[in-house]
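# Summary of the model geometry
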Amino acid sequence: MDYFVICIVAFIGSGLTLFSGFGLGTLLLPVFGIFFPIEIAIVLTAIVHFLNNIFKFILFGKNADKNVVLKFGLPAILFAFLGAKLLDFLSHESIIYSYTLNHKTINITLLKITIGILLIVFALFDFIPKFKKMEFDKKYLSLGGIFSGFFGGISGHQGALRSAFLVRAGLSKEVFVATGVVIACMIDVTRLSVYIPKIISNEISLDYKLISFATISAFIGVYFGNKLLQKTTIRTIQNIVAVLLLIYGGLLILGII
């Protein structure tokens, strides 16, 4: 059942993320989080997200704006590393509060609180029109790289901020998509560089079969997304996803998940 749900979400999410304004990681993280501890869910999401972005890079990367990539991407690399290091620190923090619910002990950790808050905040970007329409002048591209990289390093939620800064950079749709993909790859490589040593040392145990199926599903979603969704608006789905993220973030903060 977990394979089926994750693969379906990867397929749908990767297709929608090309043009819809919310990312594959936004959809996958809560789903992985249902079946795995949140720190493992973040790593699993990062791997599928990176492999999916590599596939999109092959398809669209040649259209990227090199100047924007450098101005936005270089600060993003540095702060993605700092964000990933902060995630590593938070994952080792002890339980800060425990309570009993239906005869079950519920533990609240700083990591769950942090990720829960981030999920809620970034859900608002897709749920509240004022946040959805948020844009920043292109002179703030480097600042955008700092914020997008840092939050991408912590939880993988980089797409909303990246789009808010890139949308005013004067890029065509094709260049906008390609530039975002290249920057996302840069951030993914950086945060994975923090996770990989833990994977190699078996400090983090992964289900590689699940990763493979989810990645293939995401590849197929990108293909059909590129073919069928270029002129599609998906506002209703965005609202549903945002509500689910708000609920999931709240449950994480409460320690229930």
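How each quantity is defined
- Residues numbered from 1 in each chain as written.
- Predicted model: local features only at pLDDT ≥ 70, side-chain atom pairs only at ≥ 80, totals over all residues.
- Heavy atoms only, no water.
- Pairing = 2+ DSSP bridges.
- Helix = DSSP H or I, 4+ residues; strand = E, 2+ residues; numbered from the N terminus.
- Core = buried A, V, L, I, M, F, W, Y, C linked by side-chain atoms within 4.5 Å.
- Buried < 20%, exposed > 50% of the residue type's maximum accessible area, 1.4 Å probe, protein only.
- Contact = heavy atoms within 4.5 Å.
- Salt bridge = Lys/Arg side-chain N within 4 Å of Asp/Glu carboxyl O.
- Patch = residues over 30% accessible without salt bridge, like charges linked within 9 Å, V, L, I, M, F, W, Y side chains within 5 Å.
- Areas by Shrake-Rupley, 256 points an atom, 1.4 Å probe, with all protein chains shown as cover.
- Axes fitted to C-alpha atoms, helices over the stretch in contact; angles between N-to-C directions.
- Parallel < 35°, antiparallel > 145°, perpendicular 65-115°, else oblique.
- Left-handed = near helix turned anticlockwise from the far one by under 90°.
- Nonpolar A, V, L, I, M, F, W, Y, C, P; charged D, E, K, R; others polar.
- pLDDT = per-residue confidence, 0-100.

### Looking at the pairing of strand β1 (residues 95–101)
- With six bridges connecting them, β1 and strand β2 (residues 104–109) associate as antiparallel partners. Paired with I95 across the two strands is T109, which belongs to β2.
- Linkage of β1 to β2, two consecutive antiparallel strands, is achieved through a turn of two residues, within which N102 is found at a positive phi near 55°.

### Some words on the nonpolar core
- Membership of the largest hydrophobic core comes to 54 residues, with the highest contact counts inside it found for I6, F32, I38, I115, Y195 and L206.
- Examining the composition of this core, we find that ten residues originate from one element, helix α3 (residues 38–60), more than from any other.
- Beyond its immediate sequence surroundings of up to four residues, F32 is in contact with I6, A41, L44, T45, V48 and L210.
- Among the nonpolar cores identified, the runner-up in size contains nine residues, and A178, V181, C185 and M186 belong to it.

### Comments concerning the pattern of salt bridges
- What the rule picks out here adds up to one salt bridge.
- Two residues, R191 and D188, come together in a salt bridge whose shortest N-O distance is 3.2 Å. Of the two residues, R191 and D188 both sit in helix α9 (residues 173–200), three residues apart, roughly one turn of that helix.
- Judged by relative accessible area, R191 falls into the buried class, the value being 1%.
- For D188, a relative accessible area of 0% puts it in the buried group.

### Digging into a nonpolar patch on the surface
- A grouping of I54, F57 and I58 is seen on the molecular surface, where their side chains present a nonpolar patch of about 280 Å² in accessible area.
- Structurally, F57 is set in helix α3.
- Since its relative accessible area comes to 39%, F57 is described here as partly exposed.

### Side note on helix α8 (residues 159–166)
- Judged by how many residues are buried, α8 sits mostly within the fold: six of eight residues are covered.
- Regarding α8, the residues found buried are A160, L161, R162, A164, F165 and L166.

### Regarding the packing of helix α4 (residues 66–91) against helix α7 (residues 141–154)
- Packing of α4 against α7 leaves a shortest axis separation of 6 Å and a crossing angle of 30°. When the axes of α4 and α7 are compared, the pair comes out roughly parallel. Remark: the crossing between α4 and α7 carries right-handed chirality. Where α4 abuts α7, its residues V68, K71, F72, P75, A76, F79, A80, L82, G83, A84, L86 and L87 lie against L141, S142, G144, G145, I146, S148, G149, F150, G153 and I154.
- Looking at the contact of α4 with α7, its residues break down into 14 nonpolar, seven polar and one charged.

### Observations regarding the confidence of the model for the protein
- Per-residue pLDDT for the protein has a mean of 77; in total, 80% of the residues score no lower than 70.
- The least confident element of the protein, judged by mean pLDDT, is helix α6 (residues 129–132) at 66; the most confident is α4 at 89.

### Comments concerning the environment of G249
- Of note, G249 is situated in helix α11 (residues 235–253).
- Not counting chain neighbours up to four residues away, the residues in contact with G249 comprise G116, L119 and I120.

### Overview of the side chain of N53
- Note on placement: N53 falls in helix α3.
- Residues within four places of N53 in sequence aside, it is in contact with V181, A184, C185 and D188.

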